[in-house]
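# Understanding the architecture of this molecule
Each chain, letter by letter, is given below.
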Amino acid sequence: MSQELLLDYYLKRLKLPTVRRLYKDLARDAAEHNKTFEEYLQALMEQEVIHREDNQLQRRLKAAGFPVPKTLESFDFTVIPSVNKAKILALSKSEYIRDRENVLFVGNSGTGKTHLATALGIAACRQGYRVRFWRVGQLVAELQEAQNEHRLSRLEKQWLRLDLVVLDELGYVSLSRTASELLFHFVAARYERGSLMITTNLEFSEWPQVFGDEKMTAALADRVTHKAHIIEMNGESYRFRETLRRQEALKQRLESP
């Protein structure tokens, strides 16, 4: 077997696809620029690490299940001046996950709660954390299905392995007694074992309207708000302002000569 074929075989066995793809090109570059063997090897290994880390990130993002990718850079903080930008940027470092703290976005519909929750979730994925995004209605449906199929304990093991769970749109739909109990169990199981991020359009005093049981709601709120960062986002609809802005920009383009 030739040296090239043998090297190709070894790189396949060692699962080094980037090294296998780039070693010739980087060798030529090293020769042309008089680089040392150590510099060549470092460049080659660096590309392999970058490729692997990017693949891992893409797997984490896919597993997270974000409906629409969002970034902090695309959020206009001037639209919702009540939001502390410095606080959000500090949260993007994900230290709250390390400390098993929660984050709650509370405010009117359309103010960008889901946008910021998604952006912070993606930031956590980039830092190597395991994240899962659920709309509350979607999560409850999965929990009920798992309960009916007697696999709730197996599902619980999966969600307890997550570093951050994002629960979106709490309060948009009233829950049945069974659904409320399942959601309470979900939150209680993660209490101080992993971070929760919740978006809701309801004040805490209104949560009994959703769960239908004041004692259970109080216990749930107590667990959620303990060691929590609460971000209030009341103001004019962010989505409405963005729609008006796009319409005005389109109008100006159409009117320009």
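Remember, predicted model here, so these are calculated numbers, not experimental data.

Over its 14 residues, helix α9 (residues 177-190) runs 20 Å from end to end, which matches the ideal 20 Å to within 8%, given 1.5 Å per residue. Taken together, the buried positions of α9 are A179, S180, L182, L183, F186, V187, A189 and R190. E192 sits one or two positions beyond α9 and adopts a positive phi of about 60 degrees.

With that out of the way, let us pick up the packing of aromatic side chains. All chains considered together, the criterion is met by eight aromatic pairs. Measuring from centroid to centroid gives 4.6 Å for W159 and F186, while their planes differ by 45 degrees, and the two rings are tilted. Remark: F186 occurs in helix α9 and W159 occurs in helix α8 (residues 152-160); sequence separation between them is 27 residues. For the pair W159 and F186, a shared accessibility class is recorded, and that class is buried.

Turning our attention to the packing of α9 against helix α11 (residues 214-225). Two quantities define a packed helix pair, namely the angle between the axes and the distance from one axis to the other. Where α9 meets α11, the closest approach of the two axes is 10 Å, and the angle between their N-to-C directions is 25 degrees. Taken as axis vectors, α9 and α11 run roughly parallel relative to one another. Crossing angle aside, the handedness with which α9 passes α11 is left-handed. Within the contact between the two elements, α9 uses R177, S180, E181, F184, V187 and A188 and α11 uses M216, A219, L220, R223 and V224. In terms of residue class, the contact of α9 with α11 is built from seven nonpolar, one polar and three charged.

Over its twelve residues, α11 extends 16 Å from the first C-alpha to the last, a length consistent with the 16 Å expected when each residue adds 1.5 Å. Of all the positions in α11, only M216, T217, L220, A221 and V224 are classed as buried. Along α11, the residues classed as buried sweep out an arc of 130 degrees about the axis, all on the same side. Of the exposed residues in α11, the ones pointing more than 90 degrees away from its buried face are E214 and K215. On its buried face, α11 sits against β1 (102-106), α9, β4 (195-200), α10 (208-211) and β5 (228-232).

Time to look at the UniProt feature "domain: AAA+ ATPase" (unreviewed entry) in the protein. Those residues carrying the UniProt feature "domain: AAA+ ATPase" (unreviewed entry) are residues 99-234 in this numbering. The annotated region residues 99-234 carries 49% helix and 21% strand content, and the separation between its end C-alpha atoms amounts to 27 Å.

Attention now moves to the pattern of salt bridges. Counted by the stated rule, this structure contains 15 salt bridges. A salt bridge links K12 to D8; its shortest N-O distance comes to 3.9 Å. Taken as a pair, K12 and D8 lie in helix α1 (residues 3-13) at a separation of four residues, close to a single helical turn. For D163, the salt bridge is made with R130, and the minimal N-O distance between the two is 3.3 Å. Residue D163 is located in the loop between α8 and β3 (164-170), and its partner R130 is located in the loop between α6 (113-126) and β2 (131-135); the two are separated by 33 residues in the primary sequence. By relative accessible area, D163 is classed as buried at 18%. When its relative accessible area of 43% is taken as the criterion, R130 is described as partly exposed. In this structure, a network of salt bridges that share partners links the residues D8, K12 and R20.

Attention now moves to the sheet that holds β2. As summarised here, the arrangement of the five strands in space is β2-β3-β4-β1-β5, forming an open sheet in which the pairing is parallel. Lying at the two open borders of the sheet, with one neighbouring strand each, are β2 and β5. This sheet shows a mean twist of 10 degrees between the axes of neighbouring strands, independent of strand direction. Two elements, β1 and β5, share five bridges in a ladder whose sense is parallel. Among the inter-strand pairings, V103 is bridged to a residue of β5, identified as H229. Where helix α7 (residues 136-148) meets the sheet, it contacts β2 and β3, and its direction lies at approximately 95 degrees from that of β2. Against the sheet, α9 engages β2, β3 and β4, with an angle of about 150 degrees to β3.

Below, the discussion takes up the domain arrangement of the protein. As assigned here, the protein comprises domain 1 (3-63) and domain 2 (65-241). Here the C-alpha centre of domain 2 lies 40 Å away from the C-alpha centre of domain 1. Every contact between the two is made by five residues of domain 1 and, on the other side, nine residues of domain 2. Both faces combined, the contact of domain 1 with domain 2 buries some 540 Å², and carbon together with sulfur accounts for 56% of it. Looking only at domain 1, the three residues that lose the most surface to domain 2 are R60, L61 and A63, adding up to 80% of its buried area. Viewed at the interface, domain 2 and domain 1 are joined by zero salt bridges. There are four residue pairs in polar contact (both at pLDDT 80 or more) connecting domain 1 and domain 2. Grouping the amino acids of the side of domain 1 that touches domain 2 by side-chain chemistry returns three nonpolar, no polar and two charged.

Conventions we followed
Residues numbered from 1 in each chain as written. Predicted model: local features only at pLDDT ≥ 70, side-chain atom pairs only at ≥ 80, totals over all residues. Heavy atoms only, no water. Helix = DSSP H or I, 4+ residues; strand = E, 2+ residues; numbered from the N terminus. Expected span 1.5 Å × (residues − 1). Buried < 20%, exposed > 50% of the residue type's maximum accessible area, 1.4 Å probe, protein only. Phe/Tyr/Trp six-rings, centres within 6.5 Å; stacked < 30°, edge-to-face > 60°. Axes fitted to C-alpha atoms, helices over the stretch in contact; angles between N-to-C directions. Parallel < 35°, antiparallel > 145°, perpendicular 65-115°, else oblique. Left-handed = near helix turned anticlockwise from the far one by under 90°. Contact = heavy atoms within 4.5 Å. Nonpolar A, V, L, I, M, F, W, Y, C, P; charged D, E, K, R; others polar. Arc of directions from axis to C-beta. UniProt positions renumbered as here; feature names shortened; annotations may be inferred. Salt bridge = Lys/Arg side-chain N within 4 Å of Asp/Glu carboxyl O. Pairing = 2+ DSSP bridges. Domains from an automatic or database assignment. Buried area = accessible area lost by both parts, 1.4 Å probe. Polar contact = N/O pair within 3.5 Å; in protein donor to acceptor, adjacent residues only side chain to side chain.

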